[in-house]
There are 4 protein chains.
Amino acid sequence: MNPLTGVVPPVCTPLTPDREIDVHSLLRLVDHLVDAGVQGLFVLGSTSEAAFLTDRQRRLVVETVALHVGGKLPVLAGVIDMTTPRVLDQVARVTAAGADAVVATAPFYASTHPAEIARHYRLIAAGSPVPVIAYDIPAAVHTKLPADLVLKLAAEGVLAGLKDSSGDLAGFREVVTGARTHPDISDFSVLTGSELFVDAALALGADGAVPGLANVDPHGYVRLDRLSRAGDRHRARAEQERLCALFGMVRAGDPARMGGSSSALGAFKAALHLRGVIDCPATAHPQVPLGPEEIERVGKFLATAGLL
Amino acid sequence: MNPLTGVVPPVCTPLTPDREIDVHSLLRLVDHLVDAGVQGLFVLGSTSEAAFLTDRQRRLVVETVALHVGGKLPVLAGVIDMTTPRVLDQVARVTAAGADAVVATAPFYASTHPAEIARHYRLIAAGSPVPVIAYDIPAAVHTKLPADLVLKLAAEGVLAGLKDSSGDLAGFREVVTGARTHPDISDFSVLTGSELFVDAALALGADGAVPGLANVDPHGYVRLDRLSRAGDRHRARAEQERLCALFGMVRAGDPARMGGSSSALGAFKAALHLRGVIDCPATAHPQVPLGPEEIERVGKFLATAGLL
Amino acid sequence: MNPLTGVVPPVCTPLTPDREIDVHSLLRLVDHLVDAGVQGLFVLGSTSEAAFLTDRQRRLVVETVALHVGGKLPVLAGVIDMTTPRVLDQVARVTAAGADAVVATAPFYASTHPAEIARHYRLIAAGSPVPVIAYDIPAAVHTKLPADLVLKLAAEGVLAGLKDSSGDLAGFREVVTGARTHPDISDFSVLTGSELFVDAALALGADGAVPGLANVDPHGYVRLDRLSRAGDRHRARAEQERLCALFGMVRAGDPARMGGSSSALGAFKAALHLRGVIDCPATAHPQVPLGPEEIERVGKFLATAGLL
Amino acid sequence: MNPLTGVVPPVCTPLTPDREIDVHSLLRLVDHLVDAGVQGLFVLGSTSEAAFLTDRQRRLVVETVALHVGGKLPVLAGVIDMTTPRVLDQVARVTAAGADAVVATAPFYASTHPAEIARHYRLIAAGSPVPVIAYDIPAAVHTKLPADLVLKLAAEGVLAGLKDSSGDLAGFREVVTGARTHPDISDFSVLTGSELFVDAALALGADGAVPGLANVDPHGYVRLDRLSRAGDRHRARAEQERLCALFGMVRAGDPARMGGSSSALGAFKAALHLRGVIDCPATAHPQVPLGPEEIERVGKFLATAGLL
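Residues numbered from 1 in each chain as written. Chains lettered and ligands numbered in written order. Predicted model: local features only at pLDDT ≥ 70, side-chain atom pairs only at ≥ 80, totals over all residues. Heavy atoms only, no water.

For chain A, an unreviewed UniProt entry supplies the name Dihydrodipicolinate synthase and the organism Streptomyces davaonensis. We quote the UniProt Sequence similarities (unreviewed entry) comment for chain A here in full: "Belongs to the DapA family." (UniProt positions renumbered as here; feature names shortened; annotations may be inferred.)

Let us now look at the relation of the copies chain B and chain A. It takes a turn of 180° to lay chain B on chain A, together with a shift of 0.0 Å along the axis; the resulting RMSD is 0.0 Å. Expressed as a symmetry operation, the mapping of one chain copy onto the other fits a two-fold axis. (Least-squares fit on C-alpha atoms with pLDDT ≥ 70 in both.)

All right, on to helix H9 (residues 218–229) of chain C then. All names here are of chain C. Look at H9: 17 Å from first C-alpha to last across twelve residues, which is about the 16 Å you get at 1.5 Å a residue. Considering only its buried residues, H9 is in contact with strand S1 (6–7), helix H1 (23–36), helix H8 (198–203) and helix H10 (233–247). In the stretch just after H9, Gly 231 is the one whose phi turns positive, near 75°. (Helix = DSSP H or I, 4+ residues; strand = E, 2+ residues; numbered from the N terminus. Expected span 1.5 Å × (residues − 1). Contact = heavy atoms within 4.5 Å.)

Side-chain direction in a regular strand flips from residue to residue, so the side chains alternate between the two faces of the sheet. Residues and elements named next belong to chain B. Going residue by residue along strand S6 (residues 161–164), you find Gly 161 and Lys 163 tucked away on one face and Leu 162 and Asp 164 tucked away on the opposite face as well. Both strand S5 (residues 132–136) and S6 contribute to a ladder of four bridges, which runs parallel. Within S6, the residue paired with Ile 133 across the bridge is Gly 161. Relative to strand S7 (residues 189–192), S6 runs parallel, the two being bridged by four bridges. Bridge pairing in S7 links Gly 161 to Ser 189. Running through helix H7 (residues 169–181), the crossover from S6 to the neighbouring parallel element S7 is right-handed. (Buried < 20%, exposed > 50% of the residue type's maximum accessible area, 1.4 Å probe, protein only. Pairing = 2+ DSSP bridges. Right-handed = clockwise from strand over helix to strand, strands pointing away.)

The subject of this paragraph is the relation of the copies chain C and chain B. One copy of the chain maps onto the second through a rotation about an axis and a displacement along it. In screw terms, the move from chain C to chain B is a rotation of 180° and a rise of 0.0 Å along the axis, fitting with an RMSD of 0.0 Å. A share of 100% of interface residues in chain C that are also interface residues in chain B marks the association as one of identical surfaces.

For an interface, size is often stated in terms of accessible area lost upon the parts coming together. Each partner contributes to the interface: chain C provides 20 residues, whereas chain B provides 20 residues. For the chain C and chain B pair, buried surface summed over both sides reaches about 1700 Å², with 44% attributable to carbon and sulfur atoms. Between chain C and chain B we count six salt bridges in total. Two residues, Arg 180 of chain C and Glu 241 of chain B, come together in a salt bridge whose shortest N-O distance is 2.7 Å. Counting every contact that joins chain C to chain B gives ten residue pairs in polar contact (both at pLDDT 80 or more). Elements that contribute at least two residues to the side of chain C that touches chain B include exactly helix H7 (169–181), H8 and H10 of chain C. For the side of chain C that touches chain B, the leading source of residues is H7 of chain C, giving six residues. A class-by-class count of the residues in the side of chain C that touches chain B yields eight nonpolar, four polar and eight charged. (Buried area = accessible area lost by both parts, 1.4 Å probe. Salt bridge = Lys/Arg side-chain N within 4 Å of Asp/Glu carboxyl O. Polar contact = N/O pair within 3.5 Å; in protein donor to acceptor, adjacent residues only side chain to side chain. Nonpolar A, V, L, I, M, F, W, Y, C, P; charged D, E, K, R; others polar.)

Leave glycine aside and you will find that most residues have negative phi; peptide bonds, for their part, are mostly trans. For the peptide bond that leads from His 285 of chain C to Pro 286 of chain C, omega is 5°, which places it in the cis range. With respect to the helices and strands, Pro 286 of chain C occurs in the loop between helix H11 (260–274) and helix H12 (292–304). Of note in the backbone geometry, Arg 19 of chain D takes a positive phi value of approximately 65° without being a glycine. Within the secondary structure layout, Arg 19 of chain D lies in the loop between strand S1 (6–7) and helix H1 (23–36).

Our next topic: the pattern of salt bridges. Summed over all chains, the structure comprises 83 salt bridges over all chains. Between Arg 93 of chain A and Asp 55 of chain A there is a salt bridge, with the nearest N and O atoms lying 3.2 Å from each other. On the criterion of sequence distance, the pair formed by Arg 93 of chain A in helix H3 (residues 84–96) and Asp 55 of chain A in helix H2 (residues 55–69) is long-range, its members being 38 residues apart. For Arg 93 of chain A, a relative accessible area of 21% translates into the label partly exposed. Using a relative accessible area of 11% as the deciding quantity, one classes Asp 55 of chain A as buried. Residues joined in a network through salt bridges with shared partners are Asp 55, Asp 81, Arg 86, Asp 89 and Arg 93 of chain A together with Asp 55, Asp 81, Arg 86, Asp 89 and Arg 93 of chain B.

All names here are of chain C. As summarised here, the arrangement of the eight strands in space is S1-S8-S7-S6-S5-S4-S3-S2, forming an open sheet in which the pairing is parallel. Since the sheet does not close on itself, it has two edges, and those belong to S1 and strand S2 (41–43), each with one partner. Pairing of S2 with strand S3 (residues 75–78), which is carried by three bridges, proceeds in the parallel orientation. Residue pairing across strands places Phe 42 opposite Leu 76, the latter belonging to S3.

It is worth spelling out the UniProt feature "active site" (unreviewed entry) in chain A at this point. Residues and elements named next belong to chain A. Residues annotated by UniProt as "active site" (unreviewed entry) correspond here to Tyr 135 and Lys 163. These annotated residues cover 29 residues of sequence, and their C-alpha atoms all fall within 4.8 Å of one another, placing them together at a single site. Looking at the secondary structure, you find Tyr 135 in strand S5 (residues 132–136). Its location among the elements puts Lys 163 in strand S6 (residues 161–164). Overall, the relative accessible area of 5% leaves Lys 163 in the buried class. The contacts of Lys 163, once residues within four sequence positions are left out, are Phe 42, Ile 133, Ala 134, Tyr 135, Asp 136, Leu 191, Gly 193 and Val 210.

Residue and element names in this part refer to chain A. On the UniProt side, "binding site: pyruvate" (unreviewed entry) is annotated at positions that read Thr 47 and Val 210 here. Maximum C-alpha separation among the annotated residues is 10.1 Å over a sequence range of 164 residues, consistent with a single clustered spot. The topology assignment puts Thr 47 in the loop between strand S2 (41–43) and H2. Those residues in contact with Thr 47 that sit more than four places away from it in its chain are Pro 10, Cys 12, Gly 212, Asn 215, Leu 265 and Phe 268. With respect to the secondary-structure elements, Val 210 resides in the loop between strand S8 (208–209) and helix H9 (218–229).

Here it is in structure tokens:
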């Protein structure tokens, strides 16, 4: 992991029709990703519906994936919970189940102050047997991790990396550049969570990407990563634009009937189902399932991208 | 509970210096509240630091309180978690531990749509052996429960009550008036979570109040409730204004050092410690503790209110 | 004005079909309000569509109304603009046209800091020949005026009153109580902008109300004010509840076709047109007009309230 | 203008100590920019403190700059105002004064719906003698222009370009790619308002940039633009990183004393003063001026960047 680079998909969590973990589909999905050349797996992230999984289900996911990949590539696990004591419980669970690193957001539900966020990460790092990666996702936790705080915690050795799902490329760049130039920071992974500007993030120095859409088209993102590293900016941009068009599937769900999460995660799972990777496209409660017309729309995106 | 009325404090969770549940202090706090005449207890709410307690700690709190009050007054328990499957796990835990009703927020972390919020409550009610009360707390979950949705779920028998911590008296009134006039709604409890306009809420028809400050001064809120019910508006207003001044303690913490939760919950616990009710004023991680000067400020509020 | 009390409607601005000021309708509307017993008029507020009127139109409105009422009751004029220099230009215009007081929001468009808001009001007061009333309307300007800042500026003599359209009754109460007890504050008017809890605001000590719906039913709000002052809380509450039901008209517009302002202001004007007070229900550009079915809905609200 | 490309600085508005337009300094600033090779000038934008200038001052700025450049390069003028009728008044003023194009935000103060934003731009275009450029600045107007709406209005011929100050590179890319591939869109300028990822924006196909920091270092941004167009990504990135470091000056102001606008605009003007371009670093009311230590901090940024 020194540092983690390349494509690290946030692995979807296939469910059975009665909303239990579909272990067989999960294993097929992992193979689908690993065979495409991804360089790590991130389970129990937002795209994995971690917020919707019970602790028992979360543990089963980590155990299943860690056992299956058997150390061939690193398995990062989200420890999504509200505050330090609860996150530490999640850390204990996922590391017992085999996670190689944990990915933790700022506290949520309770309002937070930068001093409290710093305490949070210091306490998590002190209690975690594996490296801690910060997860910046203001759409979910309603706090933006300040770049200077991330760099300070990186310099202290508290954080081993950042997964940035904020959409704020300027703040992301501040971390990338700061991590490169800071005398006390080394082996710090800066990963973008964006599907839509991986080319730009890599061009400005990011180590890798954690795009949810890589579940659907891992080969595309691996190609994009390789083209970017080879300096072939024109073909990288063309690949990125193809993936941007494919990403349009996240709007397949009718906004009068469902929220953005139901639509986006429903589309990813419908696409995986249509591509034959998973058995059932169900998403967790209380998300609203896509209807037949909405699934047809997902199919058209796949067809246009040459994936059907 | 048909319906719940009066003062129902959200019970603080006393901690030991090493952040374990201080059972003896918790029992003393419960006695302090019950002796003052409160009509129910709400454990594991936001004021209880539920977002900071592990599942083991949450269970211990409910067991301790439910066993202690032994059915003499209803014990409501928060089931604060992100989404339906996780909330249902919390429901199973707190009802096994003796809760008489559960209090559930809208989903959080994942973005939500009214249709998803409705599904959420319907599934919780279907899976709960005890009545479900909706908890409207947009500052924490970043969604406001729409009044018409609350009324619809009340009419369906999904919800048994509402705890409104939104600060939006107009929306609250819409539920109060709607619940009174709707042909399919009966025995629905509408409770304000405000410390600062309990008199107004009761005057417009609320059933009761769940003020965090009632931990510190339960006699004051019980008096306010009785004066309001007796129609003695002038003395009710004077009592309310005294409590508003006392509430100023929530700003005791320096905003340059800590967030609003650290300051407010720290002040309530410092006040309970200064009044001799609990042994230790510690708040859960990663909240920042009040310093000596800040605690002194809390003491002055108590002195001014005649509580020391 | 020492201080202003009672019902002070934010006067709608009737327009012709080609969106010019309809002076005759404006005069009829003013008579409709004055005859009902209101105690002041607030022109160029948000309900007046001030944000949609050109400076020429704004001046015409103030001149028309000030000349017509001829000092019989105070005419307050909004000076809605982004920052201090532009607001001072508006102050010069509306006072030249006869305004007795100006009503100014916090700066908007540019982000603001409490220190900048304080400077803003101090400079406006220094440059205004008439008293300055603060207008707290976070939905429009995206800043909440802090209660302690309002009280400080009141004590300095910078502000002569507050119109609070924030919906935050707790903060409003802090100003009401603070203004009553502060040794350096006298004759300071605290007015609620709410339509929906005027009874509660008056009960806790507000001086008056500035409800947009008072355009449609001024007699109702004047009655409510008198009942409240007479201490007849039961009839006051019943009157308030009738007005709350009437206020439902603001949702007449289809939210798929238009924003909340188009719907609410369109409903008020449609109601005034249906009641025969104004000639044309047009709202200013780019607001979307109500369609026939939506206007029919407004009519039903009027009928239910006994106003047709 | 077919279409506008390259660096188009949003020109600061130098003020005298008594906050009048400093025409001589403005002319020197324009020469400083034009001599560096910029390809257009954007006056009356947010960086120009348009929100703080009276209509008289705004007119003087446009007249001064338009007359001075005499058609050698295009002069775009902001028409920052709340709603359609007021913006149309601004359009009349700035085009009478010589503006070659107008730059208009979504409506603000009143809440807006996409249908209202579309009406707004259609009415402005119908009433403007010069091309209309959309200005996407959610931090100021609290609405994000949806990419599909911008593209629709571009295809209709309503909009001639977009200045995107949203910080959202993914949405920006959607417009860039959409404008390139849409059959009905041609000569549409997509300009980023970012200082911090101009290299990325140009790499993904943007036509140009409107960075406020280009006031301070126009040569840097012109160099960055040329390196990017020449495909010299390594040197472009190095230049961009130098400019990112320089941009740190926007945090020179103490956040306990002032808001972000006071700090950023104060720093740009202090830098222009220190570089000898303008006579006085004053910003408009109610912004808080930088103090001596804060100005010293700005000087250090200039020194580090080799600009002193």
